[in-house]
Amino acid sequence: MQQQSLDLNRLLGSDSNSEAKAKTEVESEPLLDRRSELPLTWVKGYLTPAQQMALLREVQGYPFESPEIEVYGKRHRIPRSQVWFGDTGCDTKYSGLLVKALPWPKYADRLRQKLKRDFSLESNGVLVNRYVDGKESMGWHCDNEPEFSVGSDIASITLGATRDFIIRDKVTHEKQTFALQSGDLLIMHWPMQDRWEHALPKRLKATEPRINYTFRRVIADYFG
Ligand SMILES: O=C(O)CCC(=O)C(=O)O
Ligand SMILES: [Fe+2]
């Protein structure tokens, strides 16, 4: 039940209004010291403007979908759109639906190879999220689906609008906010998902689209 309510939060982006007052971090804040203890790597400006442009052009051809899900008998469209690319057999589930991996687009695959070269980050699938503006969001969740490979890190790349990405300790509810900008990389290291949830709350001041690539390693043929 607990798990289900977390999943619903993620899908519907609920609880996000309570984040409206969450402050935006700046580098000089003392919280930075604590960040060195977090299971995260934040690389600002990881992608050059030219690399970002190549990806953004490619994104225009992605077959994004925004499925409807049923919650307590009512249908809701998830407040963003998504597409999943991956190696053959590297399927996943979201919105309760099995999603077959589509073949890697050229620049998404190059980005995957770059992450492997730079951080030894092995991934065989990527979820691409598109938030058309600050009204779109992702609610609190942790990425601990059974098809994810044990011990694997998750790498998140931001393109377009700056948005707050918030993590919350599951026990103490301590929060940390990261204002992710276009070209930034954030790696969530194993086993961060055990202790921390994360969310991308609504930010009504954001009027431009944001794209997020979330590279993952899943167990091939997990769904047979
Ligand atoms: O858009 C983001 O930065 C968050 C995406 C995310 O948490 C996910 O895809 O699981
Ligand atoms: Fe996530």
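Conventions used here
Residues numbered from 1 in each chain as written. Chains lettered and ligands numbered in written order. Predicted model: local features only at pLDDT ≥ 70, side-chain atom pairs only at ≥ 80, totals over all residues. Heavy atoms only, no water. Donors = N, O, S within 2.8 Å, 3.2 Å for Na, K, Ca; no water. Helix = DSSP H or I, 4+ residues; strand = E, 2+ residues; numbered from the N terminus. Buried < 20%, exposed > 50% of the residue type's maximum accessible area, 1.4 Å probe, protein only. Core = buried A, V, L, I, M, F, W, Y, C linked by side-chain atoms within 4.5 Å. Contact = heavy atoms within 4.5 Å. Phe/Tyr/Trp six-rings, centres within 6.5 Å; stacked < 30°, edge-to-face > 60°. Arc of directions from axis to C-beta.

Before going further, it helps to spend a moment on the coordination of the iron ion (ligand 2). The protein atoms donating to the iron ion (ligand 2) are H141 (NE2), D143 (OD) and H198 (NE2), with metal-donor distances spanning 2.1 Å. The motif formed by the donor residues of the iron ion (ligand 2), counted along the single chain, is H-x1-D-x54-H. Placement of the pair is D143 in the loop between β8 (138-141) and β9 (154-160) and H198 in strand β13 (residues 196-200), with a sequence separation of 55 residues. Owing to a relative accessible area of 5%, D143 belongs among the buried residues under this scheme.

All right, on to the nonpolar core then. Residues Y62, L111, V128, I157, Y213 and F215 are the most contacted members of the largest nonpolar core, which totals 23 residues. Taken together, the elements giving at least two residues each to this core come down to α3 (49-59), β4 (81-86), α4 (106-119), β7 (125-131), β9, β12 (185-188) and β14 (210-216). Excluding residues that lie within four positions of it along the chain, F215 makes contacts with W104, A108, L111, R112, L115, S123, G125, V126, D153, I154, A155 and I157.

A separate point is the packing of aromatic side chains. Evaluated as defined, the whole model comprises eight aromatic pairs. Geometrically, the ring pair formed by Y62 and Y213 is edge-to-face, given 6.3 Å between the ring centres and 90 degrees between the ring planes. One end of the pair, Y62, is in the loop between α3 and β2 (68-71); the other, Y213, is in strand β14, and 151 residues separate them in sequence. Using a relative accessible area of 7% as the deciding quantity, one classes Y62 as buried. Here Y222 and F223 contribute two aromatic rings whose centre-to-centre distance is 5.1 Å and whose plane-to-plane angle is 85 degrees, an arrangement assigned as edge-to-face. By relative accessible area, Y222 is classed as partly exposed at 38%. An aromatic cluster is present here, built from Y62, F64, F85, W104, Y213 and F215 joined pairwise through their rings.

Moving on, we come to α3. Of all the positions in α3, only Q52, A54, L55, E58 and V59 are classed as buried. All buried residues of α3 lie within an arc of 160 degrees about the axis, which places them on one face of the element. Exposed residues pointing more than 90 degrees away from the buried face of α3 are listed as P49, A50 and R57. Its buried side turned inward, α3 meets α4, β9 and β14.

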